[in-house]
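Below, each chain spelled out in residue letters.
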Amino acid sequence: MSSHLYRDTGVVLRTYKLGEADRIVVVLTEENGKVRAVAKGVRKTMSKFGARLEPMSHVRLLLYRGRELDIVSQAESVEPLAPMLSSLDRASQGMSVLEAADQLGLEREPNRQLYRMVVGVLRTIAERPAPLVVPAFYWKLLAAEGLRPELDACVRCGARGNHGGDADGTPLVAFDLQEGGVMCRSCRSGIPISEAALDLMRATLGGRLNEALATPESPATHEVGVLATRALEHHIERRLKSVAMFEH
Ligand SMILES: [Zn+2]
């Protein structure tokens, strides 16, 4: 197979050293899925790539397709996301996004939705950070993977919750990762969830995202964050296991 040139736009997820002067960059691209490419001479001070290939950089790339690794021929910045993420808090939120994208993105398997979501959430973190930006991103990722959690009725017995003025409903008091949704008092297993946190999750996944993002930090936003992280980890673990089984 001869190598050939192609263009794509992507977000740098991570980089690691290769030899004395080179670096491998892992990029989530728009058209080619996750791509691993060598950036030659990138660790020299006079590198033609400058700081354009750091994690979180949004770049337009010209690449040579190689047998195992591609080679970065040109890189130009699309927008300066990384410098805006210079505060420690924003940077750590950005890193959480990159990690999740790295776990869910498949090599050379195009996933435009994932790419768009990653660019969108990095912009949001850079421009108007909020406690629920990353948790909302995680829940949206899970929903995009076909794992939208059940938030309105107990996943075991089907009892309806008591939100939205339905005073006859049953309080939903727990979230079970295995079952993928909320549970009533008599069925409960998993992680306890407050009514306020449940409301924020419904806002996030029910078309009221801006309302959720405008919510200041509170115990409920913290709860939603912890639950989002646990749910994403649970999903990735299960997927890694199923991939391992499939390969054997
Ligand atoms: Zn129940």
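Shown above is the structure to which this text applies.
Residues numbered from 1 in each chain as written. Predicted model: local features only at pLDDT ≥ 70, side-chain atom pairs only at ≥ 80, totals over all residues. Heavy atoms only, no water.

A. Seen up close, the packing of aromatic side chains. According to the stated counting rule, one finds two aromatic pairs in the structure shown. Measuring from ring centre to ring centre gives 6.2 Å for F137 and Y138, while their planes differ by 45°; the resulting arrangement is tilted. The two residues F137 and Y138 agree in class, both being buried. Centroid distance W139 to F175: 5.8 Å. Interplanar angle 65°. Geometry classified as edge-to-face. Of this pair, W139 sits in helix 4 (residues 133-144) while F175 sits in strand 6 (residues 172-176), placing them 36 residues apart in sequence. For W139, a relative accessible area of 2% corresponds to the buried category. (Phe/Tyr/Trp six-rings, centres within 6.5 Å; stacked < 30°, edge-to-face > 60°. Buried < 20%, exposed > 50% of the residue type's maximum accessible area, 1.4 Å probe, protein only. Helix = DSSP H or I, 4+ residues; strand = E, 2+ residues; numbered from the N terminus.)

B. Representation of a nonpolar patch on the surface. The grouping of L5, Y64 and I71 at the surface amounts to a nonpolar patch, some 240 Å² of accessible area in total. With respect to the helices and strands, the residue I71 is situated in strand 5 (residues 70-79). (Patch = residues over 30% accessible without salt bridge, like charges linked within 9 Å, V, L, I, M, F, W, Y side chains within 5 Å. Areas by Shrake-Rupley, 256 points an atom, 1.4 Å probe, with all protein chains shown as cover. Salt bridge = Lys/Arg side-chain N within 4 Å of Asp/Glu carboxyl O.)

C. Up close: helix 2 (residues 88-104). Between its first and last C-alpha atoms helix 2 spans 24 Å; for 17 residues at 1.5 Å apiece the expected length is 24 Å, and the two agree. Looking only at helix 2, the buried set comprises Q93, G94, V97, L98, A100, A101, D102 and L104. (Expected span 1.5 Å × (residues − 1).)

D. Representation of the packing of helix 3 (residues 112-127) against helix 4 in the model. Relative orientation of the contacting elements helix 3 and helix 4 amounts to 170°, with a least axis distance of 10 Å. Viewed along their axes, helix 3 and helix 4 adopt a mutual orientation that is roughly antiparallel. Here Q113, L114, M117, V118, V121, T124 and I125 of helix 3 lie close against helix 4, whose contacting residues are V133, V134, F137, K140, L141 and A144. Of the residues assigned to the contact of helix 3 with helix 4, the class counts are ten nonpolar, two polar and one charged. (Axes fitted to C-alpha atoms, helices over the stretch in contact; angles between N-to-C directions. Parallel < 35°, antiparallel > 145°, perpendicular 65-115°, else oblique. Contact = heavy atoms within 4.5 Å. Nonpolar A, V, L, I, M, F, W, Y, C, P; charged D, E, K, R; others polar.)

E. Quick look at the pattern of salt bridges. A full pass over the atoms with the stated rule returns twelve salt bridges. In this structure, E31 and R112 form a salt bridge, with 2.5 Å as the shortest nitrogen-oxygen distance. Note that E31 is positioned in the loop between strand 2 (22-29) and strand 3 (34-39) and R112 in helix 3, a separation of 81 residues in sequence. A residue is classified by how much of its surface remains accessible, and E31, at 35% relative accessible area, is partly exposed. With relative accessibility at 39%, the residue R112 sits in the partly exposed group. Look at the salt bridges and you will find they share partners, linking D152, E195, D199 and R202 into a network.

F. A look at the nonpolar core. One finds V118, F137 and W139 to be the most contacted residues of the largest nonpolar core, which totals 59 residues. Counting residues per element, this core draws most heavily on helix 3, which supplies nine residues. When sequence neighbours within four positions are dropped, the list of residues in contact with W139 reads P149, F175, M201, L205, V224, L227, A228 and A231. Judged by nonpolar contacts, the second largest core, of 15 residues, contains Y6, V25, V27 and A37. (Core = buried A, V, L, I, M, F, W, Y, C linked by side-chain atoms within 4.5 Å.)

G. Quick look at the coordination of the zinc ion. Looking at the zinc ion, one finds its protein donor set to be C154 (SG), C157 (SG), C184 (SG) and C187 (SG), positioned 2.3 to 2.4 Å from the metal centre. With four donor atoms in place around the zinc ion and angles of 101 to 117° between them, the coordination shape is tetrahedral. Spacing between the donor residues of the zinc ion along the chain follows C-x2-C-x26-C-x2-C. In this pair, C157 sits in the loop between helix 4 and strand 6 while C184 sits in strand 7 (residues 181-184), placing the two residues 27 residues apart along the sequence. Given a relative accessible area of 2%, C184 falls into the buried group. (Donors = N, O, S within 2.8 Å, 3.2 Å for Na, K, Ca; no water. Tetrahedral: all angles 85-135°; square planar, octahedral: opposite > 155°, others 65-115°.)

H. Quick look at the pairing of strand 4 (residues 58-64). Among the seven residues in strand 4, five count as buried, and that is most of the element. Bridge count for strand 1 (residues 5-18) against strand 4 is seven bridges, and the pairing is antiparallel. Its bridge partner being in strand 4, L5 is matched across the sheet by Y64. Note: strand 4 against strand 5, seven bridges, orientation antiparallel. If you follow Y64 over to strand 5, its bridge partner there is I71. Hairpin remark: strand 4 followed by strand 5, antiparallel, with five residues in the connecting loop. (Pairing = 2+ DSSP bridges.)

I. Just the packing of helix 2 against helix 3, in detail. Where helix 2 contacts helix 3, the two axes come as close as 10 Å, and the packing angle between them is 175°. Considered as vectors, helix 2 and helix 3 are oriented roughly antiparallel to each other. For the pair helix 2 and helix 3, the contacting residues are R90, Q93, G94, V97, L98, A101 and L104 in the first and L114, V118, V121, L122, I125 and A126 in the second. For the contact of helix 2 with helix 3, the residue count by class is ten nonpolar, two polar and one charged.

Any link to function would need more than the numbers given here.
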